[in-house]
Amino acid sequence: MLQPVVSLPCQKDSFSLPKGVYYLNCATRAPISKAVEQAGYDAIRQQTNPLNLKPDDFFTGAVQVRESFSRLINNPDPDRIAIIPAVSYGMAVVARNLHRKPGLKPGQHILMIEEEFPSDVYAWDRVQQELGLSISRVPMPGSFPKSELWNRQLLEAINTDTAVVVIPPVHWMYGTRFDLESVSRRAKEVGALLVVDGTQAVGALPFNMETVQPDALICAAYKWLMGPYSIGMAYFGEFFDDGIPLEESWMNRLGSNQFHRLTQYEPTYRPKAYRYNMGEHSQFIHMPMAEAALEQLLAWQPETIQSYCRSLTAGALPELEAMGCRIEPEEGRAQHLVGIWLPDHANAMTVQQALLTTHVSVSARGRALRLAPHVYNDEADMQALVDALKVAL
């Protein structure tokens, strides 16, 4: 097992990014490390000869992934982790079980922030109509700084008519931070469920399950968890223990590792979150890659990643502000995901395309450029961004 590091030098050599490419876009897709790449190669080679594959092998691969993910989020119970293919799947589990919420009644609302990621929005369209609910969105403040006012308005919007609060640790486009602990306390006061989409934070930003206490935490693995595409992890709390899964997978029932008894059909699910595992969750190639990625993150530690990104961007961000860009103050945003609001005359998509001609990769999101560095970036990457923006603006 890799040992946690206290301080962290640049990890560019741990990745296979080509020279001359300035990839500051982990929020779109993380490059997989050499260790994760090797785990994938090894898994493929193992699958070329399944002669020695045992029934238990269909189940054991996910055990370490659940345990490693649990350590990353300070979750004491790995049995509350399910393996999912996407955030939309995890959100659909919540929507599928919303009718079971005690005290739910027509006229209540599902509360989220403005400009939330589509998978966190579309999940509720059908169920709100079926249950007579509505969707309320807390608008983003128009002026800077945004974080303090946005958090205050969010807390004020949580009331006895709130059925569910859907919130990320940071805004997926702008990096604005949300006070999850305060939101959790308020949600519990009014009896609302708290559902967190941690995709743009968990792995790079510390997350403490015991202080946030969400009812569900849903994360795709291909961004800040540094893993493969089409796999993710989700925490489901006690509310979901007797819930309804999206799939009736044979693997999610008691004794399903006893292949000689599979036609002795078992009505009982394995306990806690196991019923919410996607079908074929063994994922013989993706699972070892996810395990390698999680172990690497546990060695780096999210606190250290935040410190690294803070040091990395410290010199560049004031230069961008001097060009007329606006950036949320440090206390109101993450270090790994920073919204760079361009001057009014600039078009974010046009600027993004201009930067790509110099091999600088960031994302145009809404009214800003989304800067998303990681431990494989160095000062040369940041200087390339600054130089390219001086020309583009």
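Each remark here, short or long, concerns the structure printed above.
Here the structure is a predicted model, which means the values were calculated and not measured.

Some points on the overall build of the protein chain
Counting its regular elements, the protein chain contains 13 helices and twelve strands. For 393 residues, the compact-globule estimate of 2.2 N^0.38 gives 21 Å, and the protein chain sits close to it at 22 Å. When its C-alpha atoms are laid out on the principal axes, the protein chain stretches across 70 × 55 × 35 Å. Looking at the 393 residues of the protein chain, the share that counts as buried comes to 53%.

Some thoughts on the layout of surface pockets
Within this model, the largest pocket holds a volume of roughly 340 Å³. As for the largest pocket, its lining consists of 18 residues, and the residues nearest its centre are Gln46, Gln47, Leu53, Asp57 and Phe284. Sorting the residues of the lining of the largest pocket by element identifies helix H1 (34–47), helix H2 (57–73) and helix H9 (286–300) as the ones contributing at least two each. Taken together, the residues of the lining of the largest pocket break down into nine nonpolar, seven polar and two charged.

Notes on the sheet that holds strand E11 (residues 363–365)
Strand order across the open sheet formed by three strands is E9-E12-E11, with antiparallel pairing between neighbours. Taken across any chain shown, the strands that pair with only one partner, and hence form the sheet edges, are strand E9 (338–341) and E11. Strand after strand, the sheet turns through a mean of 40 degrees between neighbouring axes, direction not considered. Judged from the three bridges that link them, E11 and strand E12 (residues 368–371) form a sheet pairing that is antiparallel. Opposite Ala364, over in E12, you have Leu369 as the bridge partner.

Describing the sheet that holds strand E3 (residues 109–113)
One open sheet accounts for seven strands, arranged E2-E8-E7-E6-E5-E3-E4; its pairing is mixed. Of all the strands in the sheet, just strand E2 (81–84) and strand E4 (134–138) have a single pairing partner and so form its edges. Neighbour to neighbour, the strand axes of the sheet diverge by 20 degrees on average, direction disregarded. Here H2 sits on the sheet in contact with E2, strand E7 (216–220) and strand E8 (232–236), set at roughly 115 degrees to E2. Along the sheet face, helix H7 (residues 180–190) touches strand E5 (162–167) and strand E6 (193–197) and points at about 170 degrees away from the line of E5.

Cut-offs used in this document
- Residues numbered from 1 in each chain as written.
- Predicted model: local features only at pLDDT ≥ 70, side-chain atom pairs only at ≥ 80, totals over all residues.
- Heavy atoms only, no water.
- Helix = DSSP H or I, 4+ residues; strand = E, 2+ residues; numbered from the N terminus.
- Rg over C-alpha atoms; globule rule 2.2 N^0.38 Å.
- Buried < 20%, exposed > 50% of the residue type's maximum accessible area, 1.4 Å probe, protein only.
- 1 Å grid on protein atoms, 1.4 Å probe; cavity = no way out; pocket = protein on both sides within 12 Å on 5 of 7 lines; lining within 4 Å.
- Points joined across faces, edges and corners; volume = space filled by probe spheres on them.
- Nonpolar A, V, L, I, M, F, W, Y, C, P; charged D, E, K, R; others polar.
- Pairing = 2+ DSSP bridges.
- Axes fitted to C-alpha atoms, helices over the stretch in contact; angles between N-to-C directions.
- Contact = heavy atoms within 4.5 Å.

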